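Overview (structure and organization)
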Amino acid sequence: MEPGSDDFLPPPECPVFEPSWAEFRDPLGYIAKIRPIAEKSGICKIRPPADWQPPFAVEVDNFRFTPRIQRLNELEAQTRVKLNYLDQIAKFWEIQGSSLKIPNVERRILDLYSLSKIVVEEGGYEAICKDRRWARVAQRLNYPPGKNIGSLLRSHYERIVYPYEMYQSGANLVQCNTRPFDNEEKDKEYKPHSIPLRQSVQPSKFNSYGRRAKRLQPDPEPTEEDIEKNPELKKLQIYGAGPKMMGLGLMAKDKTLRKKELLCSLPDKEGPECPPTVVVKEESGGDMKVEPASPKTYLESKEELSHSPEPCTKMTMRLRRNHSNAQFIESYVCRMCSRGDEDDKLLLCDGCDDNYHIFCLLPPLPEIPKGVWRCPKCVMAECKRPPEAFGFEQATREYTLQSFGEMADSFKADYFNMPVHMVPTELVEKEFWRLVNSIEEDVTVEYGADIHSKEFGSGFPVSDNKRHLTPEEEEYATSGWNLNVMPVLEQSVLCHINADISGMKVPWLYVGMVFSAFCWHIEDHWSYSINYLHWGEPKTWYGVPSLAAEHLEEVMKKLTPELFDSQPDLLHQLVTLMNPNTLMSHGVPVVRTNQCAGEFVITFPRAYHSGFNQGYNFAEAVNFCTADWLPAGRQCIEHYRRLRRYCVFSHEELICKMAACPEKLDLNLAAAVHKEMFIMVQEERRLRKALLEKGITEAEREAFELLPDDERQCIKCKTTCFLSALACYDCPDGLVCLSHINDLCKCSSSRQYLRYRYTLDELPAMLHKLKVRAESFDTWANKVRVALEVEDGRKRSLEELRALESEARERRFPNSELLQRLKNCLSEAEACVSRALGLVSGQEAGVADVQMTLAELRAFLDQMSNLPCAMHQIGDVKGVLDQVEAYQAEAREALASLPSSPALLQSLLERGRQLGVEVPEAQQLQRQVEQARWLDEVKRTLAPSARRGTLAVMRGLLVAGASVAPSPAVDKARAELQELLTIAERWEEKAHICLEARQKHPPATLEAIIHEAENIPVHLPNIQALKEALAKARAWIADVDEIQNGDHYPCLDDLEGLVAVGRDLPVGLEELRQLELQVLTAHSWREKASKTFLKKNSCYTLLEVLCPCADAGSDSTKRSRWMEKELGLYKSDTELLGLSAQDLRDPGSVIVAFKEGEQKEKEGILQLRRTNSTKPSPLASSTTAASANSICVCGQVPAGAGALRCDLCQDWFHGRCVSVPRLLNSLRPSPPSSPLLAWWEWDTKFLCPLCMRSRRPRLETILALLVALQRLPVRLPEGEALQCLTERAISWQGRARQALASEDVSALLGRLTELRQRLQAEPRPEEPPTLPSAPASDPLREGSGKDMPKAQGLENGDSVTSPEKVAPGEGSGKRDLELLPSLLPQLTGPVLELPEATRAPLEELMLEGDLLEVTLDENHSIWQLLQAGQPPDLERIRTLLELEKAERHGSRGRGRALERRRRRKVDRGGEGDDPAREELEPKRVRSSGPEAEEAQEEEELEEETGAEGPPQPLPTTGSPSTQENQNGLEPAPGASSGPSAPFSTLTPRLPVPCPQQPPQQQS
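Just so you know, the residues in each chain are numbered from 1, in the order the chain's sequence is written. Under the rules for a predicted model, residues below a pLDDT of 70 receive no local features and side-chain atom pairs below 80 are neither given nor counted, while totals for whole chains, interfaces and linings still include all residues. As a rule here, side-chain values come from all non-hydrogen atoms in the structure, and water together with hydrogens is ignored.

Here the focus is the side chain of Gln614. Secondary structure elements are defined from DSSP: runs of H or I of at least 4 residues count as helices, runs of E of at least 2 residues count as strands, and each element is numbered from the N terminus. Within the secondary structure, Gln614 sits in the loop between strand E22 (608–613) and strand E23 (617–624). Relative accessibility under 20% of the residue-type maximum defines a buried residue, over 50% an exposed one, and the middle range a partly exposed one, all with a 1.4 Å probe and only protein chains included. The class of Gln614 is buried, set by a relative accessible area of 1%. Here the side chain of Gln614 touches Thr425 through a polar contact of 3.4 Å, landing on its backbone oxygen. Contacts are residue-level and defined by heavy atoms, with any inter-residue pair within 4.5 Å sufficient. Beyond its immediate sequence surroundings of up to four residues, Gln614 is in contact with Lys412, Pro424, Thr425, Val428, Glu429, Val514, Glu537, Pro538, Thr540 and Asn594. Polar contacts, as used here, are pairs of N or O atoms within 3.5 Å; protein pairs need one atom able to donate a hydrogen and one able to accept it. Residues neighboring in sequence count only if both atoms are side-chain atoms.

Printed below as a string of structure tokens:
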């Protein structure tokens, strides 16, 4: 048995060569170089240099081809033998009406061929049965022992194989007149370059491939009905017609009971009609004429039987009684026993109409078979018919490269179930040989092979003038490795064949897919071949060297004789594979390789090779022949002659054509052609002598090269004749070569004549020309040798040597060592001449270029003298040498008489340079000149009158002095320079330390350093820098003195500038510390003032807050400026006042501008109020978005409930977008009769963030700031603005107190007091709502309801209440929110009647007070009076209650989460707030103080947790707030901070007493 696929062992690798670029430039030369190594393997691989990458030149869109179909298991020789055997045995059973089903034994298909072969080798069926050796048969078939498989194999053999073997041996025939099939000449005519004949055939008339697949299907089980009806089947478990004995596995095609018997066509039409095999015709006289029917072919009989109307009946004796004709009777006798009795057991053959008894057959039949039946003679004739010649069918589909690639990649990916590039080559190789060796698996692939490049275009660029080539393509188009170029290179033999032989001179293209294969073959004429893989997956090759070619043929013929019997030249058809392991096991040496893209594979003469493709790829191949091929080509022609195979070209013609033009031949090729021609001429002499001995004397010249090949082929051996041929006058259609003169015809020798190309005298002349060409090299070599070695004592001229070199080039002599010597001599001589001319011409022109030394000049002269050629330039060189030697003597004399004058030394140097030759004494002269120059340079540098040199100049002189020749003067100068440089560097280092040190030195120290360094005659950069810094320090001190001694305190900006300059100076300044302290104090004051006035994250500067808003009248301007500041786009501090930076330095300008700004602010706010009053109310249902509508700070139009109107500018805002007053916070805890109905005291005043820009501190806090300001020795613009603001506030306070102290206003205040007392005394029908109680320590809850103006905190300007602050009384606060809306209907008003004369001044005062960025108690008193004089604003109260309710609802959850967050902060160690994060917080929260911080934390928490809550308010409104001490400033002396401080300070001045509530109890 053959080894399985798992046992496949890859053969050893073939040689792989990687040429260098120098080797790669000569393709055929490199192949000749590696031939001794590579030829031993038959094939080799060549990897070109990495950057040799020819472009792919095929026009992909126009490339269309039709591939061949390859069935893998038909490629392998042994597998094909098995398949052919199965075809024959299947045909044997099919003829008899049964289909072959191959049984399975031990879970694998039974190999019937191997079973039959082993039975024969073991002695035959009878011998094995006799000796009981079936177990040995099973063992040889590799079945495991001990399972009684031998008996099973015997059963299958008896049922399937044994009947067929009996028919094959003819043991069941009495006479067998079958004629043997004459196949002597069949398949021997080989058209080597015709694709349909080379590897492909037309599809077979019947497709055995489909039948093979059906044979391997499991057998259908016979039905119970079949077994019951047929006792034989029941007994043997068989069914179907035909001589099967126990035919298990054989199935009848037709189950109808039909038997073929002879019936006569009688007049009375008795019996049914059957297809007539014997036709009985009725003639006159009642005689019957019997005509035997002609034998019908199998297909015709089968067709007739299939159309039979009903089964034929058995022949009866009545037939014989009625028809007694002797001829008729003889037709119905048994061919075995020659008897005609027992006609009921007589069978009629459907093929030849012979008759047989069923018991006379071997083996005998138990009963009349059903269906079609053939006699043993017909079966044997059909089974012994030779198989058709095997070849590849052409596919029916035409592909492009893209469509074929898609098909190939899809097939491979599906087959291996992985991407194509991931399939290992080893796996593909094992699977290929497994499929090739398998008779069970049928895998079909397609291979685009032998595609003509001339028709479809080569993969290499070609210079055919059809299209313009780029320079890169042109390079590859002319490369010797281009497969279109290699066959026609000068060293190639094929260039002397004019015809474009496709596949040999013109490349063929190959488009492969996985498993597509090329079978074992050698190239036509045993030529070389070269294959280049342009791209794609690898191609796997197997090769056998030429020495083992005959051994391979013998092994394949030995293992598969059946194939070679029918096709003797099978290996020439490229259609047969054999497993390399099988060949290696029989001693055939095999190598392998994987050819990757961009690599060449070369096969050598008569080296068998085969292989397959690993996947989709594109390759190109061509043949070529070199000089060493000529002997192999001659042997190939003799081989073809023995095989009677056609030649591609005439070898004799090729040799003669090269011999006709020997001068065009390469020298090595000429020698090889001469050798071959000599043998050819000797053979031709011998053959023509034999012709004369036969008596043929007629001859005529024939130009065979002009005849077509088919008209000059030997009719016996098919050789293409050229030198001579034998022809016959009477048989003009044929001729023979002189080796087969007896096979031409039977005509007389006198009618035969010789047709020759050259006479026997012309051939030696051609041979002599070749010899001269081959020996011309020796003649030329002698001439060169004499010239180079000066054997005759005469030196040749350059012209003579050039002539010899030119002769070698023209006659194309090989590149030998002698030729190389000649070229080297010429190159050296020409270089000497050129050098000598350059030396002489340079000297004449006075060019001062030193070309060589004196020693080199003498060596050059010796070199010219030793060359084997005469040069007249030697005399010129000698003249130059004489001049140099004279100059040398003069220079020595000058050097000996030192000290010489510098001018003399310089002139000698100039003369030496013009010589063009370097003299040793010239260097000494040069050193003396350089020494003098250096000393002069030092003297000039250190001269007192000279400009001071830098340290770099000094160092350069020292470095230059080191290269000067030493002398006492030089040494002294270098020592002085070094000392001076050391001192200078020390002082430079001191200055550097002063400039860079952290500890700055006073000016006196620096002056001392500078004074001492000025005595050094060197320019020192650091000393200069120190001098400049000292000058700047003196100027700075002068500026400080001027500022400090001026009429006014200096401005902060001036001081900051001086501090910045002083800090940068590397000088210790005592005044700097004092200035820094002043600046620091001023910044500290400004920071305190900012904390006092500015809200947290305020968009205003301190100066803007302190100054009046001059453009308050323009709502759009005011709003846009506020938005710009919110976005950080507005930077100006004093633009509104119209002050420049210089104006700010003048206190008078600031005061004047402030006063003007006050007036503009008042006028502007009045104008703004008038404008905003005309805007529609958002609470009205008809409000629409129009240009005249109010715009909230969020950019939207306020609409619907929740909108609030600013009490100052009268504009509308969303309550959720701004900070609003807390109504409940204004209602302080009180006795049970708390006046909840005193609505005029409720905190409902609302100022928008555009009107209330700061925290509005109390006046006492501002006075404390002013006291601190007076102590500053620095002027600040903010301080002067604060003074103006304080004066404005005190002025307004005086006017307000005067108004409140008037008689009318005092009476109104008294009435309010009485009304409050009356409300407190009234009993309540139900308990009033209890307000949340606050701890005494909570500043927000200190004081009574009367103290609410202060407690609520107009100073803070932020009424955001922390959930934590509300938490202790959260329940009561919730009840208050629920009870207050029910009290609103009870609120009545106005409670006072304010006459217009009283109201107008108060409103004007109220307006001016609201413009002040200061908190004053009088402002709140006036506001209460105005509130009491008008009806209660129920809509605002409801809005405030709704907003507070919504905020409290969202604050409860956030309060608890905030507490958890604070605890986490404490656990982490109290991490401080990130200032960067504080800057990035939303500017909507513009609050300060604890409430603001808590609100800020609350908002951060919402951002972290994603909790939804009411939107945070924008900048604070006019709700008063407390906590003066938040600002970090102590109240002014005399300012009260008690709970009733605001009103207690006013009470003495008011005529109407204001009752005070008792203070809150402290806990």
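There is more to say, and it comes next.
Only strands joined by at least two bridges in the DSSP assignment are considered to pair. One open sheet accounts for four strands, arranged E17-E22-E19-E20; its pairing is antiparallel. The two strands at the open ends of the sheet, each matched to only one other strand, are strand E17 (517–521) and strand E20 (591–595). Within the sheet, the average angular offset between the axes of one strand and its neighbour, ignoring direction, is 15°. Note that E17 and E22 share three bridges and pair antiparallel. Residue pairing across strands places His521 opposite His609, the latter belonging to E22. An axis is simply a line fitted to the C-alpha atoms; with a helix, the fit covers only the stretch in contact. Between two such axes, the angle follows the N-to-C directions and lies from 0 to 180 degrees.

Moving on to the side chain of Arg641. With respect to the secondary-structure elements, Arg641 resides in helix H24 (residues 630–643). Assessed through its relative accessible area of 15%, Arg641 is described here as buried. Here the side chain of Arg641 touches Glu638 through a polar contact of 2.8 Å, side chain to side chain. When near neighbours in sequence (up to four residues on either side) are disregarded, Arg641 contacts Cys717, Thr719, Cys737, Ser739 and His740.

Here, nonpolar core means buried Ala, Val, Leu, Ile, Met, Phe, Trp, Tyr and Cys residues that are tied together by side-chain atoms lying within 4.5 Å of each other. Ranked by internal contacts, the top residues of the largest apolar core, which has 99 residues, are Phe1093, Ile1422 and Leu1425. For Leu1425, the contacting residues outside a window of four places in its chain are Leu1300, Val1305, Leu1308, Leu1309, Leu1312, Leu1392, Leu1394 and Leu1402. Ile118, Leu141, Ile149 and Leu153 belong to the second-largest nonpolar core, a separate cluster that totals 96 residues.

Further remarks concern the pattern of salt bridges. Note on definitions: salt bridges are taken to be side-chain nitrogens of Lys or Arg within 4 Å of carboxyl oxygens of Asp or Glu. A full pass over the atoms with the stated rule returns 57 salt bridges. Notably, a salt bridge pairs Arg335 with Asp354, separated by 3.2 Å at the nearest N-O pair. Here Asp354 lies in the loop between strand E11 (346–348) and strand E12 (355–357) and Arg335 lies in the loop between helix H15 (326–330) and E11, a separation of 19 residues in the sequence. The class for Arg335 is partly exposed, based on a relative accessible area of 46%. The closest approach of N and O atoms between Glu1413 and Arg1253, which form a salt bridge, is 3.7 Å. In this pair, Glu1413 sits in the loop between helix H49 (1396–1411) and helix H50 (1417–1428) while Arg1253 sits in the loop between strand E35 (1212–1214) and helix H43 (1259–1270), placing the two residues 160 residues apart along the sequence. The two residues Glu1413 and Arg1253 agree in class, both being buried. Residues joined by salt bridges that share partners form a network here, namely Glu121, Glu122, Asp131, Arg133, Arg136 and Arg140.

It is worth spelling out the environment of Arg71 at this point. On the secondary structure map, Arg71 appears in strand E4 (residues 68–71). Arg71 sits 364 residues away from Leu435 along the chain, and the two C-alpha atoms are 9.6 Å apart.

All right, on to the pairing of strand E21 (residues 600–603) then. Alternating positions in E21 separate into two faces, Phe600 and Ile602 on one and Val601 and Thr603 on the other, with burial throughout. Here strand E2 (residues 43–46) pairs with E21 via four bridges, running antiparallel. Across the sheet, residue Lys45 finds its bridge partner in E21, namely Val601. As defined by bridge partners, strand E18 (residues 528–536) adjoins E21 across four bridges and the pair is classed as antiparallel. Directly across from Tyr532, in E21, lies its bridge partner Phe600.

Attention now moves to the pairing of strand E27 (residues 752–756). Within E27, five of the five residues are buried, which leaves it mostly tucked inside the rest of the structure. Burial along E27 is two-sided: Gln752, Leu754 and Tyr756 facing one way and Tyr753 and Arg755 facing the other are all buried. Two elements, strand E24 (residues 699–701) and E27, share three bridges in a ladder whose sense is parallel. Opposite Ala699, over in E27, you have Leu754 as the bridge partner. In this structure, strand E25 (residues 724–728) lies alongside E27, joined through five bridges in antiparallel fashion. Among the inter-strand pairings, Leu726 is bridged to a residue of E27, identified as Leu754.

Take the sheet that holds strand E26 (residues 735–736) next. The four strands lie next to each other as E24-E27-E25-E26, forming an open sheet whose pairing is mixed. What marks the edges here is a single partner per strand, and that holds for E24 and E26.

All right, on to the environment of Leu1072 then. Relative to the helices and strands, Leu1072 is located in helix H39 (residues 1070–1093). The exposure class of Leu1072 is buried, given its relative accessible area of 11%. Sequence separation between Leu1072 and Val1061 is 11 residues; the distance between their C-alpha atoms is 9.6 Å. Contacts of Leu1072, omitting those with residues within four sequence positions, involve Trp1036, Val1059, Gly1062 and Arg1063.

This part is about the packing of helix H38 (residues 1052–1064) against H39. For the pair H38 and H39, interaxial distance at closest approach is 9 Å and the crossing angle is 135°. When the axis of H38 is compared with that of H39, the two are oblique. When you trace H38 past H39, the crossing you get is left-handed. Contact residues: H38 offers Leu1052, Leu1055, Glu1056, Leu1058, Val1059, Gly1062 and Arg1063, while H39 offers Leu1072, Leu1075, Glu1076, Gln1078, Val1079, Ala1082, His1083 and Arg1086. Across the contact of H38 with H39, the residue classes tally to eight nonpolar, three polar and four charged. Oblique is the label for every angle not falling under 35 degrees (roughly parallel), over 145 degrees (roughly antiparallel), or within 65 to 115 degrees (roughly perpendicular). Less than a right angle of anticlockwise turn of the near helix away from the far helix marks a crossing as left-handed, whereas a clockwise turn marks it as right-handed. Under the grouping applied here, Gly and all other residues not named as nonpolar or charged are polar, the nonpolar ones being Ala, Val, Leu, Ile, Met, Phe, Trp, Tyr, Cys and Pro and the charged ones Asp, Glu, Lys and Arg.

In this section: helix H42 (residues 1147–1173). Counted at 1.5 Å a residue, the expected span for H42 with its 27 residues is 39 Å, and the 39 Å between its end C-alpha atoms agrees. Val1150, Ala1153, Phe1154, Gly1157, Glu1158, Glu1161, Gly1164, Ile1165, Leu1168 and Asn1172 are the residues of H42 that are buried. Expected helix span is computed as 1.5 Å times (number of residues minus one).

Right, let's talk about helix H18 (residues 425–436) for a bit. In this model, H18 (12 residues) spans 16 Å end to end at C-alpha, consistent with the 16 Å of a helix rising 1.5 Å per residue. Looking only at H18, the buried set comprises Val428, Glu429, Glu431, Phe432, Trp433, Leu435 and Val436.

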